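Here are the chains, one letter per residue:
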Amino acid sequence: MVRLVVILAVLMGVLWGAASDRKVPVLCYHRFGTEVVDSMTIKSAAFTEQMEWLKANGYTVIPLDTAVGYLQGKIKSIPAKSVVITVDDGHKSVYSDMATIVKKYRIPVTLFIYPSAISNAKYAMTWDQIRELETTKLFHVESHTYWHPNFNHEKKKLSSEEYAKSVDKQLGGAKKKLEEKTGHEIKYLAWVFGIYDDTLLVDAKKSGYTTAFTIDRKHASSTDNMMALGRYMVISKHTIKDFERMVNGSEEKMPQGKNNLKMTY
Ligand SMILES: [Zn+2]
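Keep in mind the model is a prediction, meaning the values are calculated, not measured. (Residues numbered from 1 in each chain as written. Predicted model: local features only at pLDDT ≥ 70, side-chain atom pairs only at ≥ 80, totals over all residues. Heavy atoms only, no water.)

1. Some remarks on the overall build of the chain
Phase 1: From N to C terminus, the chain includes 10 helices and 12 strands.
Phase 2: Once local pairs closer than 6 in sequence are excluded, the contacts in the chain between residues at least 24 apart make up 64%.
Phase 3: When the accessible surface of the chain is summed, it comes to about 13,200 Å², and 56% of that surface belongs to carbon and sulfur atoms. (Helix = DSSP H or I, 4+ residues; strand = E, 2+ residues; numbered from the N terminus. Contact = heavy atoms within 4.5 Å. Areas by Shrake-Rupley, 256 points an atom, 1.4 Å probe, with all protein chains shown as cover.)

In structure tokens:
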């Protein structure tokens, strides 16, 4: 009897372990257009092809919020083939090129933006455009710091006191500003240039973010630190086969450096 209980307990532990290891691929885009002007610009036709591929292969694009809820165990299940789409930087081509495709396929998209650029930099969207996109309920804004600093450079350049102040502005300040501008809570952060360290992870949590994303090429997993979840940056050189390997998990199983998909700055 005792033996049976022990076996059952072990079995339940194994099952529980399997159930708690939850994973979702999160994609990270930057710019869109009819022509490839740089490596981070995805041709609209290529993006359409990717969305078609997802549809044809039974994938569901789920909101980032749902994926995070699932990773935290608050949402019990999501479609077996789920994928999340995020776009960093608030480039104007999101409004001019990507939005039409998003509306056509009715897919949820999270925009990680840094407020200093919006209605200010020539390459960025305006607050009006962002509000218009959020009105569709397909787009949702989250934080990408205040003005997109390189934290490694900042750390070297500034005194520790100045650096702490800067980090607070970039994390807490951006959250506050974006909440004022969008009228909704900002819970998530995308690390700029994918740069983070143990201290920044703690700082982000203290600033009120529940979850943060890197560009470490792996699925976002419940076994990872919630302040450093992986994402796959999609760039112009990626073929539909590369795209398939990102979403189906085979890229993350490939030996490091063998996949030819690493993005560095
Ligand atoms: Zn960025």
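There's plenty left to go through after this.
2. Focus: the environment of Asp198
Phase 1: Along the chain, Asp198 turns up in helix H8 (residues 198–206).
Phase 2: With 29 residues separating them along the chain, Asp198 and Met227 place their C-alpha atoms 9.6 Å apart.

3. A look at the packing of aromatic side chains
Phase 1: Applying the stated criterion to the full structure yields 9 aromatic pairs.
Phase 2: Pairing Phe32 with Phe47 gives two aromatic rings, centres 5.2 Å apart and planes at 65°, and the pair type is edge-to-face. Separated by 15 residues along the polypeptide, Phe32 in strand E3 (residues 31–33) and Phe47 in helix H2 (residues 44–56) bring together distant segments of the chain.
Phase 3: Note on Phe112 and Phe213: the rings are 6.0 Å apart at their centroids and 45° apart in plane angle, and the pair reads as tilted. (Phe/Tyr/Trp six-rings, centres within 6.5 Å; stacked < 30°, edge-to-face > 60°.)

4. Side note on the coordination of the zinc ion
Phase 1: Protein-derived coordination of the zinc ion comes from Asp89 (OD), His144 (NE2) and His148 (NE2), at a distance range of 2.1 to 2.2 Å.
Phase 2: Sequence spacing among the residues donating to the zinc ion works out to D-x54-H-x3-H. Placement of Asp89 in the loop between strand E6 (82–88) and helix H4 (92–105) and of His148 in the loop between strand E8 (139–143) and helix H6 (151–157) is noted, with a sequence separation of 59 residues between them.
Phase 3: What makes Asp89 buried here is its relative accessible area of 12%. (Donors = N, O, S within 2.8 Å, 3.2 Å for Na, K, Ca; no water. Buried < 20%, exposed > 50% of the residue type's maximum accessible area, 1.4 Å probe, protein only.)

5. Focus: the side chain of Thr211
Phase 1: Here Thr211 is to be found in strand E10 (residues 211–213).
Phase 2: A distance of 3.1 Å separates a polar atom in the side chain of Thr211 from a polar atom in the side chain of Thr210.
Phase 3: In contact with Thr211, other than residues within four places in its own chain, are Val68, Gln72, Lys187, Tyr188, Leu189, Met226, Met227 and Leu229. (Polar contact = N/O pair within 3.5 Å; in protein donor to acceptor, adjacent residues only side chain to side chain.)

6. Structural notes on the environment of Thr210
Phase 1: Relative to the helices and strands, Thr210 is located in the loop between H8 and E10.
Phase 2: Once the C-alpha coordinates of Thr210 and Lys187 are considered, the two residues, 23 residues apart in sequence, prove to be 5.6 Å apart.
Phase 3: Setting aside its immediate chain neighbours within four residues, Thr210 contacts Lys187, Tyr188, Met226 and Met227.

7. Overview of helix H3 (residues 64–71)
Phase 1: The buried fraction of H3 amounts to 6 of the 8 residues, a majority that puts the element mostly inside the structure.
Phase 2: Listed as buried for H3 are Leu64, Ala67, Val68, Gly69, Tyr70 and Leu71.
Phase 3: Gly73 lies just past H3 and shows a positive phi near 85°.

8. Looking at unusual backbone geometry
Phase 1: Although it is not a glycine, Asp89 sits at a positive phi angle of roughly 90°.
Phase 2: One non-glycine residue with positive phi stands out, namely Phe193, at about 55°.
Phase 3: Here Phe193 is to be found in the loop between strand E9 (188–190) and H8.

9. Let's talk about the pattern of salt bridges
Phase 1: One pass over the full model with this rule turns up 13 salt bridges.
Phase 2: Arg31 serves as the salt-bridge partner of Asp38, at 3.2 Å between the closest nitrogen and oxygen.
Phase 3: Residue Asp38 is classed as partly exposed on the basis of its relative accessible area, which comes to 28%.
Phase 4: One salt bridge in this structure joins Asp242 and Arg245, with 3.1 Å as the shortest N-O distance. In this pair, Asp242 and Arg245 both sit in helix H9 (residues 240–247), 3 residues apart, roughly one turn of the helix.
Phase 5: The class for Asp242 is buried, based on a relative accessible area of 11%.
Phase 6: The class for Arg245 is partly exposed, based on a relative accessible area of 25%. (Salt bridge = Lys/Arg side-chain N within 4 Å of Asp/Glu carboxyl O.)

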